[in-house]
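# A closer look at the structure
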Amino acid sequence: MGFAACAILLAVPVGIAQSAPPSHAKVELIADEVAPSATTTWVGLLFHLDPGWHIYWQNAGDSGTPPKVDWRLPAAYRAGAIRWPQPVRLGGGSVIDYGYEDQVLLMAPIERAANSLAAAAVPIAVDVKYLVCREVCIPGKAHLTLSLPATGGDPPAQAPQWHAIFQNTRAQLPTPAPAGWKISAASEKRYFVLSVQPETPVKSATFFPLESGQIENSGPQTFTSTKNGFYLMIPESDQLVKPIGTLRGLLVLGPGRAYEIAPHVLQASRIIQNGSELRRQQ
Amino acid sequence: MKKRLASAAMAAMAVLIVLSVARAARIGDRAPDFTATDSNGKTQKLSDYQGKFVVLEWTNRGCPYTLKQYNSGNMQRLQHEWTSKGVVWLTVISSAPGKQGYATAPEENSYLKQVSATPTAVLLDPDGTLGHLYDAKTTPHMFIINPQGVLIYNGAIDDKPTTDVADVNGAKNYVSQALDEAMSGKPVSIATSRPYGCSVKYPN
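Residues numbered from 1 in each chain as written. Chains lettered and ligands numbered in written order. Predicted model: local features only at pLDDT ≥ 70, side-chain atom pairs only at ≥ 80, totals over all residues.

### Focus on the sheet that holds strand S18 (residues 257-261) of chain A
All names here are of chain A. Taken in spatial order, the four strands make up an open sheet running S11-S18-S17-S14, and their pairing is mixed. Each edge of the open sheet is held by one strand with a lone partner, namely strand S11 (175-176) and strand S14 (206-209). With four bridges joining them, S14 and strand S17 (residues 249-254) adopt antiparallel strand pairing. Each bridged residue has a counterpart across the sheet, and for Phe 208 the counterpart in S17 is Leu 250. (Pairing = 2+ DSSP bridges. Helix = DSSP H or I, 4+ residues; strand = E, 2+ residues; numbered from the N terminus.)

### Brief notes about the domain arrangement of chain A
Residue and element names in this part refer to chain A. Here chain A is described as being made up of domain 1 (2-173) and domain 2 (182-281). Those elements that place two or more of their residues in the side of domain 1 that touches domain 2 are strand S3 (54-61), strand S7 (95-101) and helix H1 (159-172). Broken down by class, the residue content of the side of domain 1 that touches domain 2 amounts to five nonpolar, seven polar and one charged. (Domains from an automatic or database assignment. Nonpolar A, V, L, I, M, F, W, Y, C, P; charged D, E, K, R; others polar.)

### Thoughts on the sheet that holds strand S1 (residues 35-38) of chain B
Residue and element names in this part refer to chain B. Taken in spatial order, the seven strands of this open sheet run S2-S1-S5-S4-S3-S7-S8, and their pairing is mixed. Each edge of the sheet is formed by a strand with only one pairing partner; in this case those strands are strand S2 (43-45) and strand S8 (151-155). If you compare each strand with its neighbour and ignore which way they point, the axes differ by 30 degrees on average. Examined bridge by bridge, strand S7 (residues 142-145) and S8 share four bridges and lie antiparallel to one another. Across the sheet, Met 142 pairs through a bridge with Gly 155, a residue of S8. Sitting on the sheet, helix H6 (residues 174-183) is in contact with strand S3 (54-58), S7 and S8, with an inclination near 165 degrees to S8. (Axes fitted to C-alpha atoms, helices over the stretch in contact; angles between N-to-C directions. Contact = placed C-beta atoms within 7 Å.)

### Here's the deal with helix H2 (residues 64-71) of chain B
An α-helix turns once every 3.6 residues. As a result, residues three or four positions apart point the same way. Of all eight residues that make up H2 of chain B, six are buried, and the element is covered over most of its length. Count one or two residues on from H2 of chain B and you reach Gly 73 of chain B, which has phi positive near 80 degrees. (Buried ≥ 20, exposed ≤ 12 C-beta atoms within 10 Å, placed from the backbone.)

In structure tokens form, the structure reads like this:
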């Protein structure tokens, strides 16, 4: 990501992305500025959503489905995984989804093999299928193309705006939880109890699971402060039939404060053994 | 590590004093009994079907995921195949009046004719009572209850979570697989899956 910090505009993508027909979501393929010698270019699908409409996170929650992205790249180029921004909870009642409203950039790195030469222009294309929903859901799809120049070229008018969108998105991407945090998880009485000792006080937290079928998405997540941090009680999904080893997901403490966590899950029987002394003290 | 165990244990104990949330049936539990009115005005009671396999299918004719199953004829094939083998197939509409997928009894009966669907009955659940009892999330969302009244499947219709009709062919149908296994006395290998689709259009 070092190239992104490069303040000098060395090369910018040219070509206007084609957009899908109106369907409450407009999607563009955009690219970030890139240094000529860089082997990584960040590109992204920029979704503009009509008010009230949404698309989905990588775990869509109770309904819906995440966008499906198929890159079409020249030989010697490959796409890395999408960096999913922090989602929001959507819907209400007994059906809760995770996704994005208004505008969201789903960014991914395009890597050129180190032993290959940079081409004069790199045609990239993508097929994207997505579901956009408000009260009802409408499937959409788009075939988008963009030509990435290796060097030079007049900056297209959109380029500075695109760069700002990439920078804003980067600033909001989830990051690994700080190494100094103590995070543990336990499963008891059909709840996950997530215990966190962060380095600074926290007033609220929401957990977003990476896997479906583990937590009851619509269930209340109860936050309780402790001396050194907090714990969050999260009801387990009725669909969870076997104990899980790891609870992977995002712990969101506020806008721009989403942390990737994957604590091992202690099962109740083990806790009772290990915690018997604590119980007697109570 | 010890400290972590201790903090997890203490936190876990706090669970004991918190009221539990209402829970739907889980795999291996007795499926909750219900009484509902079907599109012919007849009362349908789950416990009347003791001794038979029962499939519950949540539907919404406006939802693209449901349409994938009906436009391809797949749902109709499944209904025909399994009801001919003695399975009771109950389609459920939990859309509230004014919301997508809501249908009155006559509307539903003419729709069934139009798409050649032959479930055992269509249960009209406009207030969402039955939907909430089973915690139906999506359309489609499928449940299977065995002849002993135990829930043996809760999840998606198949393993291709798309709206493309072309994806019906080649999909592994979880409902057929579970019924095949259960009817031949085997345990159901995939008893839960993420039910994919549109959200059920419950009343606000």
